[in-house]
Amino acid sequence: MTEAAAAESGEVMENAESRVATIAAEIQDLAPTIAELTQRVRAIMAEPQITTLEGRERAETLLPCEIGAEALGRCQILVANNVVVLETLGVISLTRYVFELLVWLRTIQATPLKSLRFLILSLKDGEDHTSQHIAHLEAEAQFLDVIAERDDPIPGMMALQEEHGENLTAEIVRNAEKARMDVIDFEARRHFIAYAADAKVNGYGFQAHLIRKKAVIAAQANLETKRQVRLDFVDRFSQSLIDEAGGVSKWNWFDSAKAVGMEPEYQYIYRYTSRLLHATPASFYTTSKNLELTEMRLFLEYVYVRLLDVIDVVTDLADRAEAKCG
């Protein structure tokens, strides 16, 4: 490569890096606007004319603002975590999240009653997550019971005596016991046991007892609290209104994106991000695991523009609610 070509290549690289840095800075500069809008939305939500709404009016006016305010807060966190220091997976995850967030917000903007579906799905997901956690805890306790039965030094000690006889020393016993415990401890780690470290201290059988008497009971109480919150939510808005909004029917990203005019973005973003985020066959043979500067710029540009759209949608939701205040 000639000196002129090398200089030109370096200039192109510098310009690409400069453009990426400029877009990242523009995204960060949205923080005050997002914070100000969040404050405005929460102030509207606190207005007596809004807080006293019930039924369909509450679902179509207050709840969209509530979701919008939470969405803005999430955007602030994501930008702070993924744009200050640029990293491939962070930018890809941020791109996909902002896309999905905007699909939901535009869905609610088009049909405000869909806010009920958003929230009932959230409540249902919270219950499902806790139920799965309880099932994992119970399975973990059962596994620890099995490990506890194997955590018996006597058979190993008898084998050592047979093998070494009068030559058995304290050092041999210590080494054998350590090797036995290391095998058991590592097996517990391989089985995705959350309390494996505690079990090493408390003993496997006692740790299983603690899981059942403390962790499971606490999780069950948490599940009951979440269940009651969902039931109270249904009582407040009525099952018929929730069903009209779509209820807990499965959310389909392709259909939902298409409904709000974002099908092309779905096709491109999901296909592209999946190649790097998931262990698909294609990802094994993708030569580059990191975004090129041109790709980084493309995704950051998308994030910036779509964050502006998020701001516009939430502003519209706030304007509608504010109109209710007279």
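Residues numbered from 1 in each chain as written. Predicted model: local features only at pLDDT ≥ 70, side-chain atom pairs only at ≥ 80, totals over all residues. Heavy atoms only, no water.

Moving on to the overall build of the protein chain. A count of helices and strands for the protein chain gives 15 helices and 0 strands. Looking at the 326 residues of the protein chain, the share that counts as buried comes to 38%. Considering only contacts within the protein chain whose residues lie at least 6 apart along the sequence, 81% involve residues at least 24 apart. For the protein chain, the accessible surface area stands at approximately 18600 Å², while carbon and sulfur atoms represent 55% of it. (Helix = DSSP H or I, 4+ residues; strand = E, 2+ residues; numbered from the N terminus. Buried < 20%, exposed > 50% of the residue type's maximum accessible area, 1.4 Å probe, protein only. Contact = heavy atoms within 4.5 Å. Areas by Shrake-Rupley, 256 points an atom, 1.4 Å probe, with all protein chains shown as cover.)

What follows concerns the nonpolar core. One finds Ile27, Phe99 and Leu116 to be the most contacted residues of the largest nonpolar core, which totals 71 residues. Of all the elements, helix α15 (residues 293-324) adds the most residues to this core, at 14 residues. Core analysis: the second largest hydrophobic core is formed by 17 residues, Ile134, Ala141, Ile211 and Val216 among them. (Core = buried A, V, L, I, M, F, W, Y, C linked by side-chain atoms within 4.5 Å.)

We now examine the pattern of salt bridges. Scanning all chains against the criterion turns up 16 salt bridges. Across the pair Arg96 and Glu100 runs a salt bridge, and its minimum N-O distance is 3.8 Å. Here Arg96 pairs with Glu100, and both are found in helix α5 (residues 88-110), just 4 residues apart, close to one helical turn. By relative accessible area, which is 18% here, Glu100 ends up buried. (Salt bridge = Lys/Arg side-chain N within 4 Å of Asp/Glu carboxyl O.)

Turning our attention to the side chain of Thr95. With respect to the helices and strands, the residue Thr95 is situated in helix α5. For Thr95, the residues in contact, after removing those within four places along its chain, are Ile269, Phe299, Tyr302 and Val303.

This paragraph deals with the environment of Leu137. In this fold, Leu137 is placed in helix α6 (residues 114-150). C-alpha separation for the pair Leu137 and Ala208, spaced 71 residues apart in sequence, amounts to 9.2 Å. Setting aside residues up to four positions removed in sequence, Leu137 forms contacts with Tyr195, Ile211, Ala215, Val216 and Ala219.

Counted as a void, the largest pocket has a volume near 450 Å³. As for the largest pocket, its lining consists of 16 residues, of which Tyr97, Leu101, Trp104, Phe118 and Ser122 are closest to the centre. For the lining of the largest pocket, the elements supplying multiple residues, two or more each, are α4 (55-82), α5 and α6. Considered class by class, the residues forming the lining of the largest pocket number 10 nonpolar, 1 polar and 5 charged. (1 Å grid on protein atoms, 1.4 Å probe; cavity = no way out; pocket = protein on both sides within 12 Å on 5 of 7 lines; lining within 4 Å. Points joined across faces, edges and corners; volume = space filled by probe spheres on them. Nonpolar A, V, L, I, M, F, W, Y, C, P; charged D, E, K, R; others polar.)

Attention now goes to the confidence of the model for the protein chain. On average, the protein chain scores 86 in pLDDT, and the residues at 70 or more come to 86%. Across the protein chain, the secondary-structure element scoring lowest on mean pLDDT is helix α14 (residues 281-284), at 63, and the one scoring highest is helix α11 (residues 239-245), at 97. For the stretch residues 4-12, pLDDT sits under 50, and the model shows 1 contact to residues farther than four places along the chain or on other chains. (pLDDT = per-residue confidence, 0-100.)

This paragraph deals with α4. Compared with the 40 Å implied by 1.5 Å per residue over 28 residues, the 39 Å span of α4 between its first and last C-alpha is a close match. Roughly 30 degrees is the biggest bend found in α4, and it falls at Leu62, with proline Pro64 one to four residues downstream. (Expected span 1.5 Å × (residues − 1). Bend = angle between axes of the 7 residues up to and from the residue.)

Between α4 and α15, the shortest axis-to-axis distance is 9 Å and the interhelical angle comes to 150 degrees. Here α4 lies roughly antiparallel to α15, going by the angle between them. For the pair α4 and α15, the crossing hand works out as left-handed. Residues Glu57, Thr61, Pro64, Cys65, Gly68, Leu72, Cys75 and Val79 of α4 form the contact with α15, whose participating residues are Leu307, Val310, Val314, Leu317, Ala318, Ala321 and Lys324. (Axes fitted to C-alpha atoms, helices over the stretch in contact; angles between N-to-C directions. Parallel < 35°, antiparallel > 145°, perpendicular 65-115°, else oblique. Left-handed = near helix turned anticlockwise from the far one by under 90°.)

Enumeration over the complete set of coordinates arrives at 0 disulfides. Unpaired in terms of disulfides, Cys65 finds its nearest cysteine sulfur in Cys325, a separation of 8.9 Å. For Cys65, a relative accessible area of 1% gives the class buried. (Disulfide = S-S within 2.5 Å.)

Here α5 crosses α15 at 30 degrees, and the two axes come no closer than 9 Å. By the angle class used here, α5 and α15 are roughly parallel. Judged by the twist between their axes, the crossing of α5 over α15 is left-handed. For the contact of α5 with α15, a count of residues per class yields 16 nonpolar, 3 polar and 5 charged.

As enumerated under the stated definition, the model contains 5 aromatic pairs in all. Geometrically, the ring pair formed by Trp104 and Trp251 is stacked, given 3.6 Å between the ring centres and 15 degrees between the ring planes. Highlighted residues: Trp104 in helix α5 and Trp251 in the loop between α11 and α12 (253-259), separated in sequence by 147 residues. Ring centres of Trp251 and Trp253 lie 5.5 Å apart, and the angle between their planes is 80 degrees; on these two criteria the pair is classed as edge-to-face. (Phe/Tyr/Trp six-rings, centres within 6.5 Å; stacked < 30°, edge-to-face > 60°.)

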